[in-house]
Amino acid sequence: MVQFDEKFYFYFLGIIPVIVVFFLFLQFWRKRKQKEFADARLLKRLAPERSQFKSTLKLLFLILGISFLVLALVNPKIGTKLETVKREGVDIVFAVDVSKSMLAEDIAPNRLEKAKRLVSEIINQLASDRIGIIAYAGQAYPQLPITTDYGAAKMFLQSMNTDMLSSQGTAINSAIELATTFYNDEEQTNRVLFIISDGEDHSEGTTTQAVENAVENGIKTYTIGVGKAKGAPIPIKRRGVVESLKKNSQGEVVITKLNEAVLAAIADEGDGMYINGSNTEEAVEFIKEELNKMDKKEFEAKQFAEYKDQFQWFLGLGLLFLFLDIFLLDRKTRWLKKLNLFNEHDA
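All of the points below concern the structure found in this document. This is a predicted model, so every value here is computed, not measured.

1. Description of a negative patch on the surface
Phase 1: On the surface, a cluster of negative charge is contributed by Glu212, Glu216, Asp268, Glu269 and Asp271.
Phase 2: Mapped onto the negative patch, the elements with two or more residues apiece are helix 7 (204-216) and helix 8 (260-269).
Phase 3: Along the chain, glutamate 216 turns up in helix 7.

2. Some words on the pairing of strand 9 (residues 235-238)
Phase 1: In this sheet, strand 10 (residues 241-245) lies alongside strand 9 in antiparallel orientation, the contact comprising 4 bridges. What sits directly across from lysine 237, in strand 10, is valine 242.
Phase 2: Linking strand 9 to strand 10, which pair antiparallel, is a turn of 2 residues; within it arginine 239 sits at a positive phi near 55°.

3. Considerations on a nonpolar patch on the surface
Phase 1: Taken together, the side chains of Leu317, Leu320, Phe323, Leu324, Ile326 and Phe327 present a nonpolar region at the surface, about 580 Å² in accessible area.
Phase 2: One can find phenylalanine 327 in helix 10 (residues 311-327).
Phase 3: Classification of phenylalanine 327 by relative accessible area gives exposed; the value is 55%.

4. Considering the nonpolar core
Phase 1: The biggest cluster of nonpolar side chains holds 35 residues, and the ones touching the most others in it are Ile92, Phe94, Phe194, Ile196 and Leu291.
Phase 2: Sorting the residues of this core by element identifies strand 3 (91-97), helix 4 (111-125), strand 4 (130-136), helix 5 (150-158), strand 6 (191-197), strand 7 (219-225) and helix 9 (280-293) as the ones contributing at least two each.
Phase 3: Residues contacting leucine 291, with those up to four places away along its chain left out, are Val90, Ile92, Leu126, Val192, Phe194 and Lys296.
Phase 4: Among the nonpolar cores identified, the runner-up in size contains 20 residues, and Val93, Tyr183, Leu193 and Val211 belong to it.

5. Things to note about the sheet that holds strand 12 (residues 274-276)
Within a beta sheet, neighbouring strands are joined by backbone hydrogen bonds and run either parallel or antiparallel to one another.
Phase 1: Strand order in the open sheet formed by 6 strands is 5-4-3-6-7-12, and the pairing between neighbours is mixed. Either end of the sheet is taken by a strand with one partner, and the two such strands are strand 5 (140-147) and strand 12. Taken pair by pair, the neighbouring strands of this sheet meet at an average axis angle of 20°, ignoring direction.
Phase 2: Strands in contact with helix 8 are strand 6, strand 7 and strand 12; relative to strand 7, the strand with the most contacts, it is inclined by about 165°.

6. What to know about the environment of aspartate 185
Phase 1: Relative to the helices and strands, aspartate 185 resides in the loop between helix 6 (172-179) and strand 6.
Phase 2: For aspartate 185 and isoleucine 146, which are 39 residues apart along the polypeptide, the C-alpha to C-alpha distance reads 9.9 Å.
Phase 3: Residue contacts for aspartate 185: discarding those within four places in its chain leaves Asp91, Arg130, Arg191 and Lys297.

7. Focus: the side chain of threonine 207
Phase 1: On the secondary structure map, threonine 207 appears in helix 7.
Phase 2: Filtering out sequence-adjacent residues up to four positions away, threonine 207 remains in contact with Ile172, Asn173, Ile176, Asp201 and Ile266.

8. Looking at the packing of helix 3 (residues 54-74) against helix 10
Angle between the axes and distance between the axes: these two values describe a pair of packed helices.
Phase 1: Helix 10 packs onto helix 3 with a crossing angle of 155° between their chain directions and a minimal axis gap of 7 Å. As the angle between them shows, helix 3 and helix 10 are arranged roughly antiparallel. Our pair here, helix 3 against helix 10, has a crossing hand that is left-handed. Within the contact between the two elements, helix 3 uses Lys58, Leu59, Phe61, Leu62, Leu64, Gly65, Phe68, Leu69, Leu71 and Ala72 and helix 10 uses Phe311, Phe314, Leu315, Leu317, Gly318, Leu319, Phe321, Leu322, Leu324, Asp325 and Ile326.
Phase 2: When grouped by side-chain class, the residues that make up the contact of helix 3 with helix 10 number 17 nonpolar, 2 polar and 2 charged.

9. Quick word on helix 9
Each α-helix turn comprises 3.6 residues. Residues three or four places apart therefore point the same way.
Phase 1: Across its 14 residues, helix 9 extends 20 Å between first and last C-alpha, which sits within 8% of the 20 Å expected from 1.5 Å per residue.
Phase 2: Those residues of helix 9 that sit buried are Thr280, Ala283, Val284, Ile287, Glu290 and Leu291. When helix 9 is viewed along its axis, its buried side chains cluster within an angular range of 125° and face the same direction. Seen from the open side of helix 9, the exposed residues pointing more than 90 degrees away from its buried face are Glu281, Glu282, Asn292 and Lys293.
Phase 3: Elements that come into contact with the buried residues of helix 9 comprise strand 3, helix 4, strand 6, strand 7 and strand 12.
Phase 4: Among the residues of helix 9, the N-terminal cap falls to asparagine 279, whose side-chain oxygen and the backbone nitrogen of glutamate 281 are separated by 3.2 Å.

Cut-offs and rules
Residues numbered from 1 in each chain as written. Predicted model: local features only at pLDDT ≥ 70, side-chain atom pairs only at ≥ 80, totals over all residues. Heavy atoms only, no water. Patch = residues over 30% accessible without salt bridge, like charges linked within 9 Å, V, L, I, M, F, W, Y side chains within 5 Å. Areas by Shrake-Rupley, 256 points an atom, 1.4 Å probe, with all protein chains shown as cover. Salt bridge = Lys/Arg side-chain N within 4 Å of Asp/Glu carboxyl O. Lys, Arg positive; Asp, Glu negative; His and termini not counted. Charge placed at Lys NZ, Arg CZ, Asp CG, Glu CD. Helix = DSSP H or I, 4+ residues; strand = E, 2+ residues; numbered from the N terminus. Pairing = 2+ DSSP bridges. Buried < 20%, exposed > 50% of the residue type's maximum accessible area, 1.4 Å probe, protein only. Core = buried A, V, L, I, M, F, W, Y, C linked by side-chain atoms within 4.5 Å. Contact = heavy atoms within 4.5 Å. Axes fitted to C-alpha atoms, helices over the stretch in contact; angles between N-to-C directions. Parallel < 35°, antiparallel > 145°, perpendicular 65-115°, else oblique. Left-handed = near helix turned anticlockwise from the far one by under 90°. Nonpolar A, V, L, I, M, F, W, Y, C, P; charged D, E, K, R; others polar. Expected span 1.5 Å × (residues − 1). Arc of directions from axis to C-beta. Polar contact = N/O pair within 3.5 Å; in protein donor to acceptor, adjacent residues only side chain to side chain.

By themselves these figures say nothing about function.
Set out below in structure tokens:
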């Protein structure tokens, strides 16, 4: 397991492309001036020891030197010991709607991105709870099993999109049914399911039964609505540019609306509550208070400990490459000339 102390210093790597552009400009300018002075053959005779490749090699050493020094400033740390610790928390599963209706932009930047932000902010408020993630549209797909690795959860969360499931539609019942299989601790008294959706449900007939089964398994179902009741069209984009709007079989533009009634009914049947996700801060604060009210169960989790600094290796390599860049001359060296690695022998 690797940690970084000061991630801010990664921005310093932005100087590298600037150096490369300046180097290319300088090479172009130098060649143009040399052509004004004399032709290529004469220049070779005037400066026979000048290497055409040493300048590129010096640039490579400079880039490597800067890169390793930046890594030294970031100070990577490696966990050298895996230990078991006792933690207290509840088991939480997030079921995120990734159907096409979540592309509607009635809430900025769109419903899906809003849903992902809500989940990410909730995770930021957790202390030692275990979490899992489900993606669903016409069917449900396990994105991340129950874990205490919040970093991995956020990574999987950000990779979610409306193209990840081929089966379209919105089958909330499938998400609930899959969620019941996620809770692997039979002694856990508090199991929570958050459904983040716009409320469109194409499986209303079987959703009620799925919620009842979840309650029987000790799962509280909360729903979070994203979108607006007045609705919005579903844009069809190509490379970030809107090409058209989704239409139905009659050629009419489809308007997708937030169905709070469906979400509220699911939450009521699931012994939970409906939460409007329009205001991220208020929604997250409410959820935090709800989770704090619940009893926490103690469980064991493995985590890395005894992280050791590794900056010294990168500092040494950075200084070495900068040293080579400074003392490497632009002219040919005799032993390299004999090897003729760059085909620099005169014709």
